[in-house]
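# Inside the fold
Below are the chains, spelled out letter by letter.
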Amino acid sequence: MTTLTSSPAADVLERLFADAQRTGAAFRARMAETGPARTSREFFAEAKDAHLAIRRPTANLLYLLARTRRARTIAEFGTSFGVSTLCLAAAVRDNGGGRVIGTEYEPAKAAAARATMAEAGLGDLVEVRDGDALESLARDLDDPVDLVFLDGAKEMYLDVLRLLEPRLAPEAIVVADNASQSADFLAHVRDGGDYIATDVGNDVEVALRVSP
Ligand SMILES: C[S@@+](CC[C@H](N)C(=O)[O-])C[C@H]1O[C@@H](n2cnc3c(N)ncnc32)[C@H](O)[C@@H]1O
């Protein structure tokens, strides 16, 4: 058994996926009435009650990549209510411990994610930082980062990765959801020579940092 597939984390994850489906449907119905948001900041403000969570295959992918990499320190851009955070923290638990640093600029989501991680038995491993990730990830990253997960505002993926690059451990893994929405990030990891990267399906890009 793993932390991801046993109680309490597995039960909490099931509930989060059910909540994500319900809140996603309500959000899409509201957006159909009001029209698309103009900026991503407006979009995420409108989505303050919606999980916008990763899919199940991506949840499993995050867990297995973090396990395979034996990740101890993970930085996450875009925590929401914590589906991805839970999967990453479960992997860190099964790797022997460490820290998952989440980031979320909707304060109610950040607070809910903290409570959920505690309920899942993972609260001791997770720190969810309030505010803009470009500020909250610019400080207090003492240990090298083994894995980065990008799932916040798509136009910021490259800026967040560049911010973290000086802190990356050798052979760090970078995972990006909805990667096709971030052309400059894709060009950086595919063509820059510092990563080996590939699309693994479901619009998820996985990159291995190969430069020192
Ligand atoms: C797609 S959702 C994340 C879903 C989450 N990874 C999961 O699996 O449940 C994106 C989240 O990123 C947050 N976000 C977007 N841009 C951000 C930023 N610049 N700094 C911090 N949080 C941000 C949004 O408020 C939103 O909750």
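This is a predicted model, so every value here is computed, not measured. (Residues numbered from 1 in each chain as written. Predicted model: local features only at pLDDT ≥ 70, side-chain atom pairs only at ≥ 80, totals over all residues. Heavy atoms only, no water.)

## Regarding the packing of aromatic side chains
Note the following rule: Paired rings are identified among Phe, Tyr and Trp, the last through its six-membered ring, by centres lying within 6.5 Å, and are further divided according to the angle between planes into stacked (under 30 degrees), edge-to-face (over 60) and tilted (the rest). Counting from the N terminus, the helices are DSSP H or I runs at least four residues long and the strands are E runs at least two residues long. Buried residues are those whose accessible area, probed at 1.4 Å on protein chains only, stays under 20% of the maximum for their type, while exposed residues exceed 50% and partly exposed ones sit between those limits.
Counted according to the given criterion, the structure contains five aromatic pairs. Between F77 and Y157 the ring centres are 6.2 Å apart and the planes differ by 80°, which places this aromatic pair in the edge-to-face class. Placement of F77 in strand β1 (residues 73-77) and of Y157 in helix α7 (residues 157-164) is noted, with a sequence separation of 80 residues between them. In this pair, the class of F77 matches that of Y157, namely buried. The interplanar angle of 90° and the centroid separation of 5.8 Å between the aromatic rings of Y157 and F185 together place this pair among those described as edge-to-face.

## So, the side chain of S136
Rules: Here a residue-residue contact requires only that any non-hydrogen atoms of the pair lie within 4.5 Å.
Among the structural elements, S136 can be located in helix α6 (residues 133-136). In this structure S136 touches T103, R129, D130 and G131, once residues within four positions along its chain are discounted.

## Observations concerning the packing of helix α1 (residues 9-34) against helix α4 (residues 83-94)
Stated formally: Lines fitted to the C-alpha atoms define the axes, with helices restricted to the stretch that makes contact. Angles between their N-to-C directions range from 0 to 180 degrees. In what follows, roughly perpendicular refers to angles from 65 to 115 degrees, roughly parallel to angles under 35, roughly antiparallel to angles over 145, and oblique to any angle outside these ranges. It is the rotation of the near helix from the far one that decides the hand of a crossing: anticlockwise by less than a right angle makes it left-handed, clockwise makes it right-handed. Lys, Arg, Asp and Glu make up the charged group, whereas Ala, Val, Leu, Ile, Met, Phe, Trp, Tyr, Cys and Pro make up the nonpolar group; the residues left over, Gly among them, are polar.
At a minimum axis separation of 10 Å, α1 and α4 run at an interaxial angle of 160°. By the criterion of interaxial angle, the relationship of α1 to α4 is roughly antiparallel. Between α1 and α4 lies a crossing of left-handed hand. Contacts from A9, V12, L13, L16 and F17 of α1 reach α4 at V83, L86 and C87. Of the residues in the contact of α1 with α4, the class split is eight nonpolar, no polar and no charged.

## As for the packing of helix α3 (residues 56-68) against α4
Where α3 contacts α4, the two axes come as close as 8 Å, and the packing angle between them is 30°. Relative to α4, the element α3 is oriented roughly parallel. Handedness of the α3/α4 crossing: right-handed. Between α3, through A59, L62, Y63, A66 and R67, and α4, the contact on the second element is made entirely by S84, C87, L88, A90, A91 and D94.

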